[in-house]
Amino acid sequence: MGLSREYGRAITEGPTPADAAGATALPYPSGWSALAFSDELRPGTVLTRPLAGQDVVLYRLGTGALRAVRPYCPHLGAHLGLAKVDGDDLVCPFHFFAFGPDGACVRTGYDTSPPRSPLTQLPVHEVNGAVFVWRHHDGREPDWFIPRWHEIGHRPARSAAWELAGNVQEVIENSVDLGHFATLHGWDKAEIGGPVAYEDATFHVSMRAHESAPLLGSFVVDVDVDGYGLGCLHADVHTPRLGLRMCTMVMPTAIAPNRMQFRQLNRISFAEPSRLPAPLARAVSRTAARLLDRAVFRSSCEFTAADFPIWNHKQYQQPPRLAPGDGPIGPFRRWARRFYPPLENDRRTLPAPHGRSGPEEHGGPDGRGGCGERHDSAERGAGAEVL
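All values derive from a computational prediction rather than experimental measurement.

Topic: the overall build of the protein
Item 1. Secondary structure assignment for the protein yields six helices and 19 strands.
Item 2. Classification of the 387 residues of the protein by burial places 45% in the buried group.
Item 3. Across the protein, every contact between residues at least 6 apart in sequence was considered, and the portion connecting residues at least 24 apart equals 56%.
Item 4. Carbon and sulfur atoms provide 52% of the accessible area of the protein, an area that totals close to 19400 Å².

Points about the sheet that holds strand 6 (residues 89-91)
Hydrogen bonding along the main chain pairs the strands of a sheet, whether they run parallel or antiparallel.
Item 1. Read across the open sheet, the four strands follow the order 5-6-7-8; overall the sheet is antiparallel. Taken across any chain shown, the strands that pair with only one partner, and hence form the sheet edges, are strand 5 (84-86) and strand 8 (105-107).

Re the sheet that holds strand 11 (residues 130-135)
Item 1. The strand order across the open sheet formed by three strands is 1-11-10, and the pairing between neighbours is antiparallel. The strands lining the two open edges of the sheet, one partner per strand, are strand 1 (31-37) and strand 10 (124-127). For this sheet, the mean angle separating the axes of adjacent strands, direction not counted, is 30°.
Item 2. As judged from the six bridges shared by strand 1 and strand 11, these two strands associate in the antiparallel manner. Across the sheet, W32 pairs through a bridge with W134, a residue of strand 11.

Here's the deal with helix 5 (residues 329-336)
Item 1. With respect to burial, helix 5 is a largely interior element, six of its eight residues being buried.
Item 2. Residues of helix 5 that are buried include every one of I329, G330, F332, R333, W335 and A336, and no others.
Item 3. Buried residues in helix 5 make contact with helix 1 (168-173), strand 14 (197-199) and strand 15 (202-213).

Some remarks on the packing of aromatic side chains
Given two aromatic rings, one states the distance between the centres and the angle between the planes to describe the pair.
Item 1. With the rule as written, the count across this model stands at 18 aromatic pairs.
Item 2. Ring geometry for W162 and F262: centres 5.8 Å apart, planes at 55°, overall tilted. One end of the pair, W162, is in strand 12 (residues 158-165); the other, F262, is in strand 19 (residues 259-270), and 100 residues separate them in sequence.
Item 3. A relative accessible area of 27% places W162 in the partly exposed class.
Item 4. Since its relative accessible area comes to 0%, F262 is described here as buried.
Item 5. With 4.8 Å between their ring centres and 15° between their planes, F181 and W187 make a pair best called stacked. Across this residue pair, the class does not change: F181 and W187 are buried.
Item 6. Here the aromatic cluster, defined as three or more aromatic residues joined through ring pairs, consists of Y198, F203, F332, W335 and F339.

A look at the environment of Y316
Item 1. Relative to the helices and strands, Y316 is located in the loop between helix 4 (308-313) and helix 5.
Item 2. Distance from Y316 to N167, taken between C-alpha atoms, is 8.1 Å for residues 149 residues apart in sequence.
Item 3. At a separation of 3.2 Å, a polar atom in the side chain of Y316 contacts the side chain of Q169.
Item 4. Here R333 takes part through its side chain, which lies 3.3 Å from a polar atom of the side chain of Y316.

A short note on the pattern of salt bridges
Item 1. Overall, the coordinates contain 15 salt bridges when judged by the stated rule.
Item 2. Here D143 ties to R140 by a salt bridge, and the two come within 3.8 Å at their closest N and O atoms.
Item 3. R140 gets classed as partly exposed once you look at its relative accessible area, which sits at 40%.

Looking at a nonpolar patch on the surface
Item 1. Taken together, L276, L280 and V284 make up a surface patch of nonpolar side chains, about 220 Å² in accessible area.
Item 2. Here L276 shows up in the loop between strand 19 and helix 3 (278-305).
Item 3. The class for L276 is partly exposed, based on a relative accessible area of 33%.

Some thoughts on the confidence of the model for the protein
Item 1. Overall, the predicted model of the protein reaches an average pLDDT of 86, with 86% of residues at or above 70.
Item 2. Residue range residues 345-387 is modelled with pLDDT below 50. Its contacts to residues more than four positions away, or to other chains, number 109 contacts.

Examining the pairing of strand 19
Successive side chains on a regular strand alternate, one facing one side of the sheet and the next facing the other.
Item 1. Of all 12 residues that make up strand 19, 11 are buried, and the element is covered over most of its length.
Item 2. As paired elements, strand 12 and strand 19 share eight bridges and run antiparallel to each other. Note that in strand 19 the partner of A165 across the bridge is R259.
Item 3. Counting the residues that bridge the hairpin from strand 18 (residues 244-256) to strand 19 gives two residues, and of these N258 lies at a positive phi of roughly 55°.

A closer look at the nonpolar core
Item 1. Formed by 71 residues in total, the largest nonpolar core has its most connected members in L58, F132, I146, L230 and M251.
Item 2. Among the elements that take part in this core, strand 18 stands out by supplying six residues, more than any other.
Item 3. Once you skip the residues sitting within four places of it in the chain, F132 turns out to touch W32, S33, A34, P123, V124, H125, V127, I146, G231, C232, M249 and M251.
Item 4. Residues V57, L80, F97 and C105 belong to the second largest nonpolar core, which totals 16 residues.

Notes on the pairing of strand 17 (residues 232-239)
Item 1. Counting buried positions along strand 17 gives six out of eight residues, so the element sits mostly inside the fold.
Item 2. Linking two consecutive strands that pair antiparallel, namely strand 16 (residues 217-228) and strand 17, is a turn of three residues; a positive phi of about 65° is found at G229 within it.
Item 3. Bridge analysis of strand 17 against strand 18 gives seven bridges, and the strand direction is antiparallel. Note on strand 18: the bridge partner recorded for L233 is V250.

What counts and what doesn't
Residues numbered from 1 in each chain as written. Predicted model: local features only at pLDDT ≥ 70, side-chain atom pairs only at ≥ 80, totals over all residues. Heavy atoms only, no water. Helix = DSSP H or I, 4+ residues; strand = E, 2+ residues; numbered from the N terminus. Buried < 20%, exposed > 50% of the residue type's maximum accessible area, 1.4 Å probe, protein only. Contact = heavy atoms within 4.5 Å. Areas by Shrake-Rupley, 256 points an atom, 1.4 Å probe, with all protein chains shown as cover. Pairing = 2+ DSSP bridges. Axes fitted to C-alpha atoms, helices over the stretch in contact; angles between N-to-C directions. Phe/Tyr/Trp six-rings, centres within 6.5 Å; stacked < 30°, edge-to-face > 60°. Polar contact = N/O pair within 3.5 Å; in protein donor to acceptor, adjacent residues only side chain to side chain. Salt bridge = Lys/Arg side-chain N within 4 Å of Asp/Glu carboxyl O. Patch = residues over 30% accessible without salt bridge, like charges linked within 9 Å, V, L, I, M, F, W, Y side chains within 5 Å. pLDDT = per-residue confidence, 0-100. Core = buried A, V, L, I, M, F, W, Y, C linked by side-chain atoms within 4.5 Å.

Next up, the structure:
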């Protein structure tokens, strides 16, 4: 008898993704999360996107305004991701109940009096080419917003989206993880320009990187990063030697325990050569942007994607064993606590790394909620701050 084909298959190998490994999941963070790019929602479009373990239905009214609602019709529970937009009304696919811009039921499919059963609307915020939806663990209304940033250049933004395992905090935390810029991204040297500034739901960090490339040799890249909650980063990148400026939005969204969607949006511009007459300088700048836009965006995505295999397979390490050169990760984690539910009964320890737990059944990202502690003399001697 020959071997059964069932047992002749290749064995499973390679790292297990974080969402399948049974590692502890951080709670879903409160705040704004990007669910779409603006150009995905033309008037009349209906989209369903995941957020924190639940569907959210997005749609654009005929007037251009956006709405975000819970997914099930209050009449008999049909999924509104299958609905259609009729002018400014969302029409359920089951019995054609129609809901107006305020969520109220305005008519039924058989001309009877509409019930007083409004849709559950969610705060939605469209800014900088992206659509954000607010979610807070205690149900409160938005108490901060993502601001409108400057738009550089004359070309439309380029965007991309991915889905992978991992947690959103570590995406935002990367901006202060100084060590990985050299080891993972190949920067010759990276240095933070001063203390990271934290204020309520935002932070700001400046850094300078030293890079080298064939034909170009060594050059400097200046980066200013502004973070808004645990769902949005805005990076201004300036390479003086090349005259290149780039604005990048990085938007991770928690969709399930240890799983996220990741969106990126870029705009670029090139400086106008000062030695040329103004009309010619403008033409040179715009031509350079048109010719190099795609290549610069591809390079930016490749830079970002170097982190994907790490996020996809890593577990949140608590406490971390930090070392000199890591960057100010400890203070960042203390700031990040504000976006999570309070600890129950002042419990200060996350479950064991391989024990499954629900996304909201345990404490904040540091597992304690109090100020960080230094754990042993070796760490104290190295200046490592452990949360």
